[in-house]
Amino acid sequence: MSEPVTFWYGCNVLRHGDIIHACLDILRALGFEPHPFGGPDYCCGTVKDANQTTAGGMATRTVGRLNERAAPVVAWCPSCHSHMHDFMEHAAERRFDMTYLVDLLYARRDQLAPLLVHPVPMRVMVHKHVGFNELVPVNRMVPQLLGLIPGVEVVDAGYVAPGYMCASFAAVPRALDDIHLNTLAAAKTARADAVVTIFHQCYRELLGLDAAGAAPVYNYIQLLARSMGIAYEDEYKAWKRAGEGATELIGRERIEKVGIQFYERAILPELKKRPNLP
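Here's a quick rundown of the structure. (Residues numbered from 1 in each chain as written. Predicted model: local features only at pLDDT ≥ 70, side-chain atom pairs only at ≥ 80, totals over all residues. Heavy atoms only, no water.)

### A word on the sheet that holds strand β6 (residues 152-155)
Spatially, the 4 strands line up as an open sheet ordered β6-β5-β7-β8, and their pairing is parallel. Looking at which strands have only one partner, the edges of the open sheet turn out to be β6 and β8 (217-219). Across the sheet, the axes of successive neighbouring strands diverge by a mean angle of 40°, strand direction being ignored. Where strand β7 (residues 194-197) and β8 come together, 3 bridges link them in parallel fashion. Paired with V196 across the strands is Y218, a residue of β8. (Pairing = 2+ DSSP bridges. Helix = DSSP H or I, 4+ residues; strand = E, 2+ residues; numbered from the N terminus. Axes fitted to C-alpha atoms, helices over the stretch in contact; angles between N-to-C directions.)

Now the structure itself:
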């Protein structure tokens, strides 16, 4: 019998549907029955940290809704997972067990390994950050998970980026440029075929390297899924590579669903952004 879990993917649902769907398929293959929950009504509140009253209200609402679920919670977003421990469970009583996706996959790696049947011949460097590891040691776990994939060779040039994810530096362009340059230099030193991110936020930022033709970039879930024969189109990568042409790829109908003004203000500039490379 499948073990029910609540797969909490937070409020970031516009960009990485392929990764979320692959996560659900991987969980099912490992014997879980994942019930996905996310969107604005399940936001962790970190986007409103500057307004503690609003953030506290969002945290209380989300914890309350997750409390209503009878199943343990598996968090996908590192911001949500860390915010739950740092803020949310102090604003409202948490009555559910929670784990982070990497932690769960690592704990089930003996079950995961036989499912990785399709070789992925690739020499990869994992993009690591200093932070978050005190909560979940992802810098150690993710390379080991990737090492289970036939054909994957994980290399390490010793670079670890500051902070706990790239998105936290989005408002500091020069700092983010340094991360891009140092990541690219480390990948070249390690003679890596590709850079593989742990967090989807880092994937979103580092895809600028891919779009600029500097280095292929993947998220670790995408490579696990490929080895399992799970195929979802990475639309966000296609949009990012297209830049200004992303509007035509996405289509007016989909843009109108999220709002044309929101798309032009928040999404399109993100898709057009490229790192400052020498």
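### Thoughts on the pattern of salt bridges
According to the stated counting rule, one finds 13 salt bridges in the structure shown. E205 is the salt-bridge partner of K273, the closest N and O atoms lying 3.2 Å from each other. One end of the pair, K273, is in the segment after α13 (260-272); the other, E205, is in helix α8 (residues 200-211), with 68 residues separating them in the sequence. Notably, a salt bridge pairs R254 with E235, separated by 3.0 Å at the nearest N-O pair. Placement of R254 in helix α12 (residues 252-258) and of E235 in helix α10 (residues 235-242) is noted, with a sequence separation of 19 residues between them. Here the residues in one salt-bridge network are R15, R204 and E270, joined through shared partners. (Salt bridge = Lys/Arg side-chain N within 4 Å of Asp/Glu carboxyl O.)

### Observations regarding the environment of R28
Residue position: R28 is located in helix α1 (residues 17-29). Using a relative accessible area of 45% as the deciding quantity, one classes R28 as partly exposed. Sequence spacing of R28 and E3 is 25 residues, and the spatial spacing of their C-alpha atoms is 9.1 Å. Within the structure, the side chain of R28 is placed 2.9 Å from the side chain of D25, a separation counted as a polar contact. (Buried < 20%, exposed > 50% of the residue type's maximum accessible area, 1.4 Å probe, protein only. Polar contact = N/O pair within 3.5 Å; in protein donor to acceptor, adjacent residues only side chain to side chain.)

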